[in-house]
Every structure is written in C-alpha cells, then in structure tokens.
Amino acid sequence: ANLGFAVVTGGRGGIMEAVNKGAFLAGGISIGILPSSSILEANQYCNIVIPTGMGDARNAITALSCDALVSIGGGAGTLSEICFGWIYKKPIFVFEQFGGWSKKVSGRRLDDKYFTRITRCEHIDDLVREIKKL
C-alpha cells in the first residue's frame, strides 16, 4: 500500500485480515474478494468488498486482479491462487518461513509454461525491493 498498490486478499480472517489491516491503516486501497455472496463475511479492513458467490473458484479472480501475488504459508486455497498466478504469468513471491505451500513452491517452477522461478522473500524488505522492480 505504501508503494501505491491496492492490496487484494480473500477478504476474511487470519493473514488476509492482517494484510487488509496493514493496507487500510496505511491509507491504501484494501480489497477483499469473497468466496460467498455476503458482504458481511468481509473483515472490517476491506474498503472495497467483492462478494462473488463462487466459493474457491474466486481464487482465479484474485490472481487475475493482482500485479504480483504474495503468498504467506497456505493450504489448498493458497495453492490454487499460486497456480492461477502461475497460469496468468504473474510474479509470485513467497514467505516460506510460515510453512505450507509457500515453503513447498519456493524457488521452483511449477511447469514449463513460465520460465521464472517463484521468488522467496525472507523479510518484508525483500518483498518491497522486488515489487519496486516491477
């Protein structure tokens, strides 16, 4: 948000809420793309809420809506977002120290569609430096 980018998440709790909160408090645009059709499921830090009613299929919209995809930890939903990001040739940055799929895909190529490796970030400064290159 401090670099002028809107922040897009799945709009609910946990890491998504923390990310939306950081963007919101920085005065940035904080977007939540919800799996449900109810805006009431959005966390309080989303200043734009997009209820899709699509369940996890909304992960394709999330990936298409970003300039770069940042992954922190993650289960199957995060993996699907990483895969959609890969398919749509988005730069992907992961914080592998949180485990999950972020750790499993760090530094890898998912297939031969895109020849850039998924970039590992150890600290937020690494991510800021990479985002500034875009």
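Structure first, text after, so check above.
Here is a short report on the structure shown in this document. Given the structure is predicted, the values throughout are model-derived calculations rather than measurements.

About the thresholds
Residues numbered from 1 in each chain as written. Predicted model: local features only at pLDDT ≥ 70, side-chain atom pairs only at ≥ 80, totals over all residues. Heavy atoms only, no water. Buried < 20%, exposed > 50% of the residue type's maximum accessible area, 1.4 Å probe, protein only. Helix = DSSP H or I, 4+ residues; strand = E, 2+ residues; numbered from the N terminus. Pairing = 2+ DSSP bridges. Patch = residues over 30% accessible without salt bridge, like charges linked within 9 Å, V, L, I, M, F, W, Y side chains within 5 Å. Areas by Shrake-Rupley, 256 points an atom, 1.4 Å probe, with all protein chains shown as cover. Salt bridge = Lys/Arg side-chain N within 4 Å of Asp/Glu carboxyl O. Core = buried A, V, L, I, M, F, W, Y, C linked by side-chain atoms within 4.5 Å. Contact = heavy atoms within 4.5 Å.

## Concerning the pairing of strand β4 (residues 69-72)
Reasoning step 1: Here β4 shows one buried face, formed by L69 and S71, and one open face, formed by V70 and I72.
Reasoning step 2: Summarising the sheet, β4 and strand β5 (residues 92-95) pair through 4 bridges and their orientation is parallel. Each residue of the ladder has a partner; that of L69, found in β5, is I92.

## Quick look at a nonpolar patch on the surface
Reasoning step 1: Residues I29, I48 and I50 make up a contiguous nonpolar surface patch of about 230 Å² in total accessible area.
Reasoning step 2: Turning to its location among the elements, I29 is positioned in the loop between α1 (15-25) and β2 (30-34).

## A word on the nonpolar core
Reasoning step 1: Judged by nonpolar contacts, A63, C66, L69, I82, W86, I92, V94, V105, Y114 and I118 together constitute the single largest core of 10 residues.
Reasoning step 2: Mapped onto this core, the elements with two or more residues apiece are α3 (76-87) and β5.
Reasoning step 3: Not counting chain neighbours up to four residues away, the residues in contact with I82 comprise L69, S71, I92, W101, V105, L110 and I118.
Reasoning step 4: Of all hydrophobic cores here, the second largest spans 6 residues; its members include A68, F93, F95 and C121.

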